[in-house]
Amino acid sequence: MISKASCAALRAFLSRPVSGHRVRPLLAAGLAGLALWGAGAHAAPAAEFPDKPVRIVIPFPAGAAADTAMRVVARKMSEQWRQPVIIDNRPGAAGFQAVASAPPDGHTLLMGAGSGMVTAPLLSSKLTYNPSRDFVPVGRVVVNVPILTTHPSLKVRTVQELIALARKDPGALNYSTSGNGSPGHLSMELFQAATGTRMVQIPYKGGGPAVNELAGGYVQLGINAVPSVAAQIKAGKLVPLAVASAKRSRAFPEVPTMAEAGLKNFEYDIWYALFAPAGTPADRVQNISKVLGAALNDAEVTALLVTQGAEPAPTTPQELARFMQEDTARWARLVKDRNLKLD
């Protein structure tokens, strides 16, 4: 970097007489100005982040629990950044691939779930993405409390009544899920392992059909996120037996936890978190995480999420990374013990 004193010396040198003439003052001024411009350009601050709209890719259809929750949070993040935050629904592997291949500048993010970031890699060797290679953790967003419900025709009102009925006739009861490897499937595998029961999975293509078939009485029970079944519970079309989380749901505080119902070691949460493409600068990851955390701690956002049946669950990037390691170890044991595969 050239100092102002150096520029003054350069100007004086170029103004000295040479063979009875002076170098044109314009040349001197021009060179000195160029030196000062170079110094200013070298010290120019980096562009503020974000300097354009931020896109959050959600690998679930519009209207899904993850989608409705992220839209609430995204509005508050947009206010803090003073930039639009765009929700881009790309169900399935296409959503993961879109973010993995995006520029690692923080302007494209993924709202991933435990099913896609932890359990899917344990169940399949044919994924088109690799969570640990393609993404970096930013922060957890929400936890959706899973709730065990039955169709009224089953005529059970407690978890212990359900266990007794399932043990009486192994394989007679069936449960709906949104597909093999889905949270509903894995939570029911966990339930069967914990209770010594055997039931039959009826997989559907998505959470909507799975819940509709359960509410219609075509299957007998299932574990689903509270937002997916809240309307059916309130309408009396489904009977809630217990929630799988450590604490009762604020949406249905009268429903006991699995631990309170007698299953001491049964705990399961459906979680969603933000991820950035691998290679995203650490300072930008921290910026996004800080803004996300502030949005989740906002009283208005919290109230809206709880109304949906979701619980704000902010973490730092480091906390999310540790949580995922623990979650992976836990589900790896179940996948091995139950011999679960998607391939």
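Above this text you will find the structure in question.
Overview of the structure. (Residues numbered from 1 in each chain as written. Predicted model: local features only at pLDDT ≥ 70, side-chain atom pairs only at ≥ 80, totals over all residues. Heavy atoms only, no water.)

**Re the packing of aromatic side chains**
Part 1 of the reasoning: Counted by the stated rule, this structure contains 7 aromatic pairs.
Part 2 of the reasoning: Relative to Trp81, the ring of Phe49 lies with its centre 5.9 Å away and its plane at 80°, an arrangement referred to as edge-to-face. Of this pair, Phe49 sits in the loop between α2 (25-42) and β3 (54-58) while Trp81 sits in helix α3 (residues 65-81), placing them 32 residues apart in sequence. Here Phe49 and Trp81 have matching classes, each one buried.
Part 3 of the reasoning: Between Trp271 and Phe323, the ring centres sit 5.4 Å apart and the planes meet at 80°, which makes this aromatic pair edge-to-face. On the criterion of sequence distance, the pair formed by Trp271 in strand β12 (residues 270-277) and Phe323 in helix α13 (residues 317-338) is long-range, its members being 52 residues apart.
Part 4 of the reasoning: Overall, the relative accessible area of 24% leaves Phe323 in the partly exposed class.
Part 5 of the reasoning: Each member of the aromatic cluster is reached from another via a ring pair, and the members are Phe96, Tyr129 and Phe135.
Part 6 of the reasoning: The side chain of Arg140 reaches across the aromatic face of Phe323, ending 4.7 Å from its centre.
Part 7 of the reasoning: Note that Arg330 overlies the ring of Trp331, its terminal NZ or CZ placed 5.1 Å from the centroid. (Phe/Tyr/Trp six-rings, centres within 6.5 Å; stacked < 30°, edge-to-face > 60°. Helix = DSSP H or I, 4+ residues; strand = E, 2+ residues; numbered from the N terminus. Buried < 20%, exposed > 50% of the residue type's maximum accessible area, 1.4 Å probe, protein only. Lys NZ or Arg CZ within 6 Å of the ring centre and 35° of its normal.)

**A look at unusual backbone geometry**
Part 1 of the reasoning: A cis amide bond links Phe49 with the next residue in sequence, Pro50, at an omega value of -5°.
Part 2 of the reasoning: Checked against the element boundaries, Pro50 lands in the loop between α2 and β3.
Part 3 of the reasoning: Positive phi, close to 60°, is recorded for Arg82, a residue that is not glycine.
Part 4 of the reasoning: Structurally, the position occupied by Arg82 is in the loop between α3 and β4 (85-89).
Part 5 of the reasoning: With a relative accessible area of 77%, Arg82 lands in the exposed category.
Part 6 of the reasoning: One non-glycine residue, Lys155, lies in positive phi territory at about 60°.
Part 7 of the reasoning: Locating Lys155 in the fold gives a position in the loop between β7 (146-150) and α7 (159-168).
Part 8 of the reasoning: With a relative accessible area of 69%, Lys155 lands in the exposed category.

**Let's talk about the nonpolar core**
Part 1 of the reasoning: By size, the foremost hydrophobic cluster in this structure holds 80 residues, and its most contacted members are Met70, Met77, Phe191 and Leu274.
Part 2 of the reasoning: Ranked by residues supplied to this core, first place goes to α3 with 8 residues.
Part 3 of the reasoning: Residues contacting Phe191, with those up to four places away along its chain left out, are Leu148, Val159, Leu162, Ile163, Thr197, Met199, Met258, Leu263 and Phe266.
Part 4 of the reasoning: Ranked by size, the runner-up nonpolar core spans 16 residues in total, among them Val145, Tyr204, Val211 and Phe252. (Core = buried A, V, L, I, M, F, W, Y, C linked by side-chain atoms within 4.5 Å. Contact = heavy atoms within 4.5 Å.)

**Details of the sheet that holds β4**
Part 1 of the reasoning: With mixed pairing, the 6 strands of this open sheet are ordered in space as β4-β3-β5-β12-β6-β13. Two strands lie at the open edges of the sheet, namely β4 and β13 (310-312), each paired on one side alone. In this sheet, neighbouring strand axes are inclined to one another by 30° on average, regardless of whether the strands run parallel or antiparallel.
Part 2 of the reasoning: As paired elements, β3 and strand β5 (residues 108-113) share 3 bridges and run parallel to each other. If you follow Arg55 over to β5, its bridge partner there is Thr108. (Pairing = 2+ DSSP bridges. Axes fitted to C-alpha atoms, helices over the stretch in contact; angles between N-to-C directions.)

**Quick look at empty space enclosed by the protein**
Part 1 of the reasoning: This model, assessed by the stated rule, comprises 1 cavity of 30 Å³ or more.
Part 2 of the reasoning: Space inside the largest cavity adds up to approximately 90 Å³.
Part 3 of the reasoning: Along the walls of the largest cavity sit Ala113, Gly114, Ser115, Thr119, Pro183, Leu186, Tyr268, Asp269, Ile270, Trp271, Asp327 and Trp331, which together make up its complete lining.
Part 4 of the reasoning: The dominant element in the lining of the largest cavity, judged by the number of residues it contributes, is helix α5 (residues 114-123), at 3 residues.
Part 5 of the reasoning: Looking at side-chain class alone, the lining of the largest cavity contains 7 nonpolar, 3 polar and 2 charged residues. (1 Å grid on protein atoms, 1.4 Å probe; cavity = no way out; pocket = protein on both sides within 12 Å on 5 of 7 lines; lining within 4 Å. Points joined across faces, edges and corners; volume = space filled by probe spheres on them. Nonpolar A, V, L, I, M, F, W, Y, C, P; charged D, E, K, R; others polar.)

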